[in-house]
Amino acid sequence: MQKSLEVVLSPLLLPLVDLTGKTVVVIDILRATSTICAALNNGAKSLKPVVSTEEALSYNKNEYCIAGERNGEKAPGFDFGNSPREYSRELIGGKKIVLTTTNGTKCIHASLDADEVLIGSFFNLDAIITYLRNSSNDAVLFCSGWKDRVNLEDTLFAGYVAEGLRETHHWDSDEVEISLNLYNKASIDPISFLRNASHAKRFERLGNTQDLEVCLEFNAHPIVVKYADGELVGI
Ligand code: MLT
């Protein structure tokens, strides 16, 4: 039986969707969900997403790698920021991580009424598509955006996933069609397409010359990441 597919383009639109019994995939390509997939695939024991910098800094640095990003930069007082490049196996293998970001970690906490919450990025694109194809749950692709604004990269990723679900899911949704149209326009060269994204321009202003390309490395970290008991773990 075909399952339903929905796309939420901004956190402000999440209240319009009933999450009961559904699988939510939280998407924050630049960069929270990319960082989460990289860290867990590189051997981190777990990753605890928290909403505030105060909460993150309250954890014991002897027990956790404490990571925080605000406005695209490492937040003051934090040892780790929110670039996947920081989370090498050598640095975080076997360790527990606490992470707070501007958008992505808030969206994870906003999704907890769902039956299950997964993490989606281009790093684990095929693994997420396969998981949703095999699941009996309806699916919701939740784009974190930027400070409640819609963004290109998260919407584009939703289009890639929707394209992979054509045989197993149905939809009556302009949001899904919007994401698929982005996919049709951008999939020939997604990096060039995303150079016009607001986040790409933010990276330029911040002198971040690598993370756009890094976060577009398809299937570089093929792990399914799920929220369980307050932490994100690979399954
Ligand atoms: C976010 O969570 O808002 C993003 O990951 C921000 C960033 O790290 O650039």
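Sequence order as written defines the numbering, with residues in each chain counted from 1. Predicted model: local features are reported for residues with pLDDT of at least 70 only, side-chain atom pairs are reported and counted for 80 or more only, and whole-chain, interface and lining totals are derived from all residues. The basis for the side-chain values is all heavy atoms of the structure; hydrogens and waters are excluded.

S.K.: Please clarify how the packing of helix 5 (residues 125-134) against helix 6 (residues 152-164) should be interpreted in this entry.
M.R.: For any two helices packed against each other, one specifies the inter-axial angle together with the distance between the axes. Viewed as axis vectors pointing N to C, helix 5 and helix 6 meet at an angle of 45°, and their least axial separation amounts to 9 Å. By the criterion of interaxial angle, the relationship of helix 5 to helix 6 is oblique. Once helix 5 is placed against helix 6, the crossing between them reads as right-handed. On helix 6, the residues touching Leu125, Ile129, Leu132 and Arg133 of helix 5 are Phe157, Tyr160, Val161 and Gly164. Polar here means any residue outside two lists: the nonpolar Ala, Val, Leu, Ile, Met, Phe, Trp, Tyr, Cys and Pro, and the charged Asp, Glu, Lys and Arg; Gly therefore counts as polar. Considering only residue class, the contact of helix 5 with helix 6 consists of six nonpolar, one polar and one charged. Every axis in this analysis is a line fitted to C-alpha atoms, fitted for helices over the stretch in contact. Angles between the N-to-C directions lie between 0 and 180 degrees. Numbering of helices and strands starts at the N terminus; helices are DSSP runs of H or I of at least 4 residues and strands are runs of E of at least 2. With respect to orientation, any angle under 35 degrees is reported as roughly parallel, any angle over 145 as roughly antiparallel, any angle of 65 to 115 as roughly perpendicular, and every other angle as oblique. By convention, the crossing between two helices is left-handed when the near helix turns anticlockwise from the far helix through less than a right angle, and right-handed when the turn is clockwise. Contacts between residues were defined by any pair of non-hydrogen atoms, one from each residue, lying within 4.5 Å.

S.K.: Help me understand the site of the ligand, please; the structure alone is not making it clear to me.
M.R.: Throughout this document, a residue counts as near a molecule or strand when at least one of its heavy atoms sits within 4 Å of that molecule or strand. Near the ligand there are 13 residues, and of these Asp28, Arg31, Asn82, Thr101 and Asn103 occur at the shortest range. Any pair of nitrogen or oxygen atoms within 3.5 Å is treated as a polar contact; in protein, a donor-acceptor pairing is required on top of that, and neighbouring residues in sequence qualify only through side-chain atoms on both sides. Contacts to the ligand include His199, whose side-chain N or O atom sits 3.0 Å from an oxygen atom. Note on definitions: the grid is 1 Å and covers protein atoms alone; a cavity is a set of points where a 1.4 Å probe fits but cannot get out; a pocket is an open set with protein on both sides within 12 Å along at least five of seven lines; lining residues have an atom within 4 Å of a point. Being in a pocket or cavity means that more than half of the molecule's atoms lie within 2 Å of its grid points. For the ligand, the cavity whose grid points lie within 2 Å of the majority of its atoms is the largest cavity. For the shell around the ligand, the residue count by class is three nonpolar, seven polar and three charged.

S.K.: For this particular structure, what's the right way to read empty space enclosed by the protein?
M.R.: Over the atoms rolls a probe the size of a water molecule, and its path tells where empty space is left. Grid points are joined across faces, edges and corners, and a volume is the space filled by probe spheres set on the points. In the structure shown here, the tally under the stated rule is one cavity of 30 Å³ or more. Along its surface, the largest cavity is lined by Asp28, Leu30, Arg31, Ala32, Glu69, Gly72, Asn82, Thr101, Thr102, Asn103, Trp146 and His199. For the lining of the largest cavity, the residue count by class is three nonpolar, six polar and three charged.

S.K.: Please explain the environment of Gln2 as it appears in this structure.
M.R.: On the secondary structure map, Gln2 appears in the segment before strand 1 (3-8). A distance of 3.4 Å separates the side chain of Gln2 from the backbone oxygen of Glu167, its partner in a polar contact.

S.K.: I keep staring at the layout of surface pockets and nothing clicks. Help me out?
M.R.: Its volume calculated, the largest pocket comes out at about 150 Å³. Of all the elements, strand 1 adds the most residues to the lining of the largest pocket, at three residues. Here the lining of the largest pocket is composed, by residue class, of six nonpolar, one polar and three charged.

S.K.: Where do I start with the packing of aromatic side chains in this structure?
M.R.: The description of an aromatic ring pair uses the distance of the two centres, along with the angle that the planes make with each other. Pairing of aromatic side chains requires ring centres within 6.5 Å, counting the rings of Phe and Tyr and the six-membered ring of Trp. Pairs whose planes differ by under 30 degrees are stacked, by over 60 edge-to-face, and all others tilted. Applying the stated criterion across every chain yields a total of seven aromatic pairs. Seen from their ring centres, Tyr59 and Tyr64 are 5.0 Å apart, and the 75° between their planes marks the pair as edge-to-face. When a residue's accessible area, from a 1.4 Å probe over protein chains only, is under 20% of the maximum for its type it is buried; when over 50% it is exposed; and in between it is partly exposed. For Tyr64, a relative accessible area of 13% gives the class buried. When the centroid spacing of 4.7 Å and the interplanar angle of 35° are considered together, the rings of Phe122 and Phe218 count as tilted. Remark: Phe218 occurs in the loop between helix 10 (211-214) and strand 10 (225-228) and Phe122 occurs in the loop between strand 7 (116-120) and helix 5; sequence separation between them is 96 residues. The exposure class assigned to Phe218 is partly exposed, which follows from its relative accessible area of 32%.

S.K.: Looking at this structure, I do not really get the nonpolar core. What am I missing?
M.R.: A general feature of soluble globular proteins is that nonpolar side chains tend to end up buried together. To define a nonpolar core, start from buried Ala, Val, Leu, Ile, Met, Phe, Trp, Tyr and Cys residues and group those joined through side-chain atoms within 4.5 Å. Core analysis: the biggest nonpolar cluster contains 38 residues, and Ile27, Phe122, Leu132, Leu141, Leu156 and Val161 have the highest contact counts within it. Mapped by element, the contributors of at least two residues to this core are strand 1, strand 2 (23-27), helix 5, strand 8 (139-143), helix 6, helix 7 (174-186), helix 8 (190-194) and helix 9 (198-206). Considering every element that reaches this core, the biggest residue donor is helix 6, with six residues. Counting 33 residues, the second largest nonpolar core, distinct from the first, contains Leu14, Val17, Val26 and Val140.

S.K.: Would you take a moment to explain the pairing of strand 8 for this structure?
M.R.: Along any regular strand the residues' side chains alternate between the sheet's two faces. Most of strand 8 sits inside the fold, with five of its five residues counted as buried. Side chains Ala139, Leu141 and Cys143 project from strand 8 onto one buried face, and the interleaved Val140 and Phe142 project onto a second face that is buried too. A pair of strands counts as paired when DSSP detects no fewer than two bridges linking them. Where strand 1 meets strand 8, four bridges bridge the pair, whose relative direction is parallel. From the neighbouring strand, Val8 faces strand 8, where its bridge partner is Phe142. As paired elements, strand 2 and strand 8 share five bridges and run parallel to each other. Bridging across to strand 8, Thr23 finds its partner in Ala139.

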